[in-house]
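As a plain string of letters, each chain reads:
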Amino acid sequence: DAGVIQSPRHEVTEMGQEVTLRCKPISGHDYLFWYRQTMMRGLELLIYFNNNVPIDDSGMPEDRFSAKMPNASFSTLKIQPSEPRDSAVYFCASSFVVWRSGNTIYFGEGSWLTVV
Amino acid sequence: TQLLEQSPQFLSIQEGENLTVYCNSSSVFSSLQWYRQEPGEGPVLLVTVVTGGEVKKLKRLTFQFGDARKDSSLHITAAQPGDTGLYLCAGARASYGKLTFGQGTILTVHP
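Bear in mind that the values here come from a model prediction, so they are computed numbers and not experimental data. (Residues numbered from 1 in each chain as written. Chains lettered and ligands numbered in written order. Predicted model: local features only at pLDDT ≥ 70, side-chain atom pairs only at ≥ 80, totals over all residues. Heavy atoms only, no water.)

Caption draft 1: Local environment of the sheet that holds strand β3 (residues 19–24) of chain A. Residue and element names in this part refer to chain A. One open sheet holds the 4 strands; their spatial order is β1-β3-β8-β7, and the pairing between them is antiparallel. In this open sheet, the two strands that pair with only one neighbour each are β1 (5–7) and β7 (65–71). Averaged over all pairs of adjacent strands, the angle between their axes in this sheet comes to 15 degrees, without regard to strand direction. Of the strand pairs in this sheet, β1 and β3 are connected by 3 bridges, and their pairing is antiparallel. When the bridges of β3 are listed, S7 appears paired with R22. (Pairing = 2+ DSSP bridges. Helix = DSSP H or I, 4+ residues; strand = E, 2+ residues; numbered from the N terminus. Axes fitted to C-alpha atoms, helices over the stretch in contact; angles between N-to-C directions.)

Caption draft 2: Just the state of the cysteines, in detail. Enumeration over the complete set of coordinates arrives at 2 disulfides over all chains. With a sulfur-sulfur separation of 1.9 Å, C23(A) is cross-linked through a disulfide to C92(A). Taking the torsion about the sulfur-sulfur bond, which here is approximately -70 degrees, the covalent link between C23(A) and C92(A) counts as left-handed. Taken together, the residues span a long stretch of sequence, with C23(A) in strand β3 and C92(A) in strand β9 (residues 88–95) at a distance of 69 residues. The pair formed by C23(A) and C92(A) is uniform in burial state, with each residue classed as buried. The disulfide partner of C23(B) is C89(B), and the gap between their sulfur atoms is 2.0 Å. Between C23(B) and C89(B), the S-S dihedral sits near 75 degrees, and the bridge is therefore right-handed. (Disulfide = S-S within 2.5 Å. Buried < 20%, exposed > 50% of the residue type's maximum accessible area, 1.4 Å probe, protein only.)

Caption draft 3: Spatial organisation of the pattern of salt bridges. All names here are of chain A. Overall, the coordinates contain 12 salt bridges over all chains when judged by the stated rule. In this structure, the salt-bridge partner of E44 is R41, at a minimum N-O distance of 2.7 Å. A relative accessible area of 17% places E44 in the buried class. For R41, a relative accessible area of 51% puts it in the exposed group. If you follow the salt bridges from partner to partner, you end up with E62, R64, E83, R85 and D86 in one network. (Salt bridge = Lys/Arg side-chain N within 4 Å of Asp/Glu carboxyl O.)

Caption draft 4: Up close: the pairing of strand β6 (residues 55–58) of chain B. With 4 bridges joining them, β6(B) and strand β7 (residues 61–65) of chain B adopt antiparallel strand pairing. The residue of β7(B) that forms the bridge with K57(B) is T62(B).

Caption draft 5: Broad picture of the sheet that holds β6(B). Residues and elements named next belong to chain B. With antiparallel pairing, the 5 strands of this open sheet are ordered in space as β1-β3-β8-β7-β6. Pairing within the sheet leaves two strands with one partner each, and these edge strands are β1 (5–7) and β6. The average undirected angle you get between the axes of adjacent strands in this sheet is 15 degrees. Of the strand pairs in this sheet, β7 and strand β8 (residues 71–76) are connected by 5 bridges, and their pairing is antiparallel. Counterpart to F63 in the pairing with β8 is L74.

Caption draft 6: Quick peek at unusual backbone geometry. All names here are of chain A. In this model, Q80 is joined to P81 through a cis peptide bond whose omega is -5 degrees. Within the fold, P81 resides in the loop between β8 (74–79) and β9. In this structure, N52 takes a positive phi of about 75 degrees despite not being glycine. Structurally, N52 is set in the loop between β5 (42–50) and β6 (53–56). In this structure N52 comes out as partly exposed when scored by relative accessible area, which is 28%.

Caption draft 7: Representation of the nonpolar core. W34(A), L77(A) and Y90(A) are the most contacted members of the largest nonpolar core, which has 21 residues in total. Mapped onto this core, the elements with two or more residues apiece are β3, β4 (31–38), β5, β7, β8, β9 and β11 (111–115) of chain A. When residues no more than four places from it in sequence are discounted, the contact partners of Y90(A) are Q6(A), L21(A), Y35(A), R36(A), L46(A), F65(A), L77(A), I79(A), G110(A), S111(A) and L113(A). Of all hydrophobic cores here, the second largest spans 20 residues; its members include I13(B), C23(B), W34(B) and V109(B). (Core = buried A, V, L, I, M, F, W, Y, C linked by side-chain atoms within 4.5 Å. Contact = heavy atoms within 4.5 Å.)

Okay, here's the thing in structure tokens:
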């Protein structure tokens with residue numbers, strides 16, 4: 001079975017440009033998460049969706065960041081305009097059930113973003 | 001504010017040694033998970049612990065959840081170079097399972 005698929009794997013862009021990261025969750029999963037990982041701050045939850053609806057976007061750093069999930073098999077995270085401090089690895093993850101005792105979350109391989 | 005504090009941040013040991021990684025919080029969690037992440041990949045779930053005092057074993061790895069469900073530990077016996085990676089603990093504070101991650105422990109096992 002295919003796991004969580006992210007694209008692009010690597011992106012280098014200039015400051016001020018728009019960046020769009022894409023994610024295809026595992027089929028049948030009803031939760032989708034966007035995380036950002038840096039050495040300084042570790043793994044941070046940016047936003048998550050349940051059944052395509054954004055539930056908690058309190059981790060989104062500022063208005064330059066936006067995320068959408070138009071259907072159950074696709075999500076985007078957009079940064080406009082991008083800044084050097086946005087350089088990080090962005091992970092998409094999905095899970096299929098909300099257990100009483102916790103999710104099993106499956107991560108993609110990440111999108112490595114460098115803003116110069 | 002970091003809800004989950006992991007220690008140590010870095011650990012460099014020789015093959016065959018034992019080690020313990022700690023994950024501490026002042027908050028109570030409904031469940032706690034441990035992940036391992038290798039370079040260039042996303043984190044992969046190792047185990048979920050849900051009951052205070054619970055101990056789970058996965059080959060040479062032993063996971064323990066504190067009685068008060070505020071802390072956890074990961075113990076590796078006879079570490080091998082293949083154990084090298086970033087180990088992350090993550091806690092869920094509600095039944096819907098939103099996870100908060102610790103900063104991670106970078107483990108290097110030298111042959």
